[in-house]
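Here's the letter readout for the chains.
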Amino acid sequence: MVLYFKARPDAGDYTIYMGADKNENEELIKYGLPEDVWFHVDKVSSAHVYLRLKKGETIDTISEGLLEDCAQLVKAHSIQGNKMNNVEVIYTPWSNLKKSPSMDVGQVGFHNPRMVHVLTVEKRVNEIINRLNKTRVERRADLKAEKEASNAAEKAERKMQLKEKRGYVCLTITELAETEGGD
């Protein structure tokens, strides 16, 4: 099961999600999308929380409120982290996650450690957790199919852009020929 949450209304229409257990986290690692940002409590066990950004957005454009929602959620779903104050939460683009066969289930590394951001969560804010839990939906997701559909849509978009570019070039050549012929 994948657990889905809606971010605070003033942040916009964003989905935050996480696996129900370490095996589900493994699937999320495997089938993430380029728009996903991964969150985890640093140096202790916790849920893997993901934020799905909109096309064109980057990790650097995430609002403070949205970061706080994700950080509070990952802290609340860490047995050790939930009991501690001043917990460091790390986050990075999904594409920066590295998984090797020798790693335990749910364990990840990073392709580029410099792409990992850190924020400190001073304490658990129950109002945020309660608000997020009210939006919680559990569903059995076909992550592989979602990834394939996303890849197909991206491929179709690139193909369309290429056609438009070629059409523009052909139109320009045609216009040029008409201009030269009309002189």
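Residues numbered from 1 in each chain as written. Predicted model: local features only at pLDDT ≥ 70, side-chain atom pairs only at ≥ 80, totals over all residues. Heavy atoms only, no water.

## Some thoughts on the environment of S150
Under the convention used in this document: Here a helix means four or more residues in a row that DSSP labels H or I, a strand means two or more in a row labelled E, and each is numbered from the N terminus. Throughout, a residue-residue contact means that at least one pair of heavy atoms, one from each residue, lies within 4.5 Å.
Turning to its location among the elements, S150 is positioned in helix α5 (residues 143-182). Taking the C-alpha atoms as reference, S150 lies 14 Å from L28; in sequence the two are 122 residues apart. Those residues in contact with S150 that sit more than four places away from it in its chain are L33 and E35.

## Points about the sheet that holds strand β1 (residues 2-6)
Condition: DSSP-based pairing: two strands are paired if at least 2 bridges between them are found. Here an axis means a line fitted to C-alpha atoms, over the contact stretch when the element is a helix, while the angle between two N-to-C directions is reported on a 0 to 180 degree scale.
The strand order across the open sheet formed by seven strands is β8-β5-β3-β4-β2-β1-β9, and the pairing between neighbours is antiparallel. Looking at strand neighbours, the two that pair on one side only are β8 (117-121) and β9 (137-139), the edges of this open sheet. Direction aside, the axes of adjacent strands within the sheet are offset by 25 degrees on average. Bridge analysis of β1 against β9 gives three bridges, and the strand direction is antiparallel. Paired with Y4 across the bridge in β9 is V137. With respect to the sheet, helix α1 (residues 22-30) is in contact with β1, β2 (15-19) and β4 (49-52), its orientation differing from that of β2 by roughly 130 degrees.

## Regarding the pairing of β4
As judged from the four bridges shared by β2 and β4, these two strands associate in the antiparallel manner. By the bridge assignment for β4, T15 is matched with R52. Pairing between strand β3 (residues 36-41) and β4: four bridges, direction antiparallel. Paired with W38 across the two strands is Y50, which belongs to β4.

## Notes on the UniProt feature "domain: NFACT RNA-binding" (unreviewed entry) in the protein
Here is the rule: UniProt positions are given in the numbering used here, feature names are shortened, and annotations may be inferred rather than shown by experiment.
Per the UniProt annotation, the sites labelled "domain: NFACT RNA-binding" (unreviewed entry) are residues 1-112. Overall, residues 1-112 shows 24% helix and 28% strand. The separation of its end C-alpha atoms is 30 Å.

## A word on the side chain of T92
Formally: The classification of residues rests on relative accessible area computed with a 1.4 Å probe and restricted to protein chains. Under 20% of the type maximum is buried, over 50% is exposed, and intermediate values are partly exposed. In protein, a polar contact means a hydrogen-donor-capable atom and an acceptor-capable atom, both N or O and within 3.5 Å, with residues adjacent in sequence counting only if both atoms are side-chain atoms; elsewhere, any N or O pair within 3.5 Å suffices.
Locating T92 in the fold gives a position in strand β5 (residues 87-93). T92 sits in the buried class, given a relative accessible area of 0%. In this structure the side chain of T92 is engaged in a polar contact, spanning 3.1 Å, whose partner is the backbone oxygen of M115. Dropping the residues within four chain positions of it, T92 is found in contact with V37, W38, I59, L97, F110, M115 and V116.

## A few points about the packing of aromatic side chains
Filter applied, for reference: Note on aromatic contacts: the rings of Phe and Tyr and the six-membered ring of Trp form a pair at centre separations within 6.5 Å, being stacked when their planes are under 30 degrees apart, edge-to-face when over 60 apart, and tilted otherwise. Comment: the charge-over-ring label is applied if NZ (Lys) or CZ (Arg) is within 6 Å of the ring centre and within 35 degrees of the ring normal.
This structure, assessed with the given rule, holds four aromatic pairs. When the ring of F39 is compared with that of Y91, the centres are 5.1 Å apart and the planes differ by 10 degrees; the resulting orientation is stacked. Of this pair, F39 sits in strand β3 while Y91 sits in strand β5; the two residues are 52 residues apart in sequence, bridging distant segments of the chain. It is K54 that lies over the ring of Y14; its NZ or CZ is 3.4 Å from the centre. One Lys or Arg, R139, reaches over the ring of Y4 and ends 4.2 Å from the middle of that ring.

## What about the domain arrangement of the protein?
Interface size, as often reported, equals the accessible area lost upon joining of the parts. For the record, the criterion: Residue ranges assigned to each domain were obtained from an automatic or database domain assignment. Two parts placed together each lose some accessible area under a 1.4 Å probe, and adding up what both lose gives the buried area.
Partitioning the protein into domains gives domain 1 (2-141) and domain 2 (143-182). The centre of domain 1, based on its C-alpha atoms, is set 36 Å off from the matching centre of domain 2. Counting from both sides, the interface comprises 14 residues of domain 1 and, opposite them, six residues of domain 2. Of the roughly 820 Å² buried at the junction of domain 1 and domain 2 (both faces included), carbon and sulfur atoms supply 56%. It is Y31, L33 and A141 that lose the most area in domain 1 upon contact with domain 2, and together they represent 52% of the buried surface on that side.

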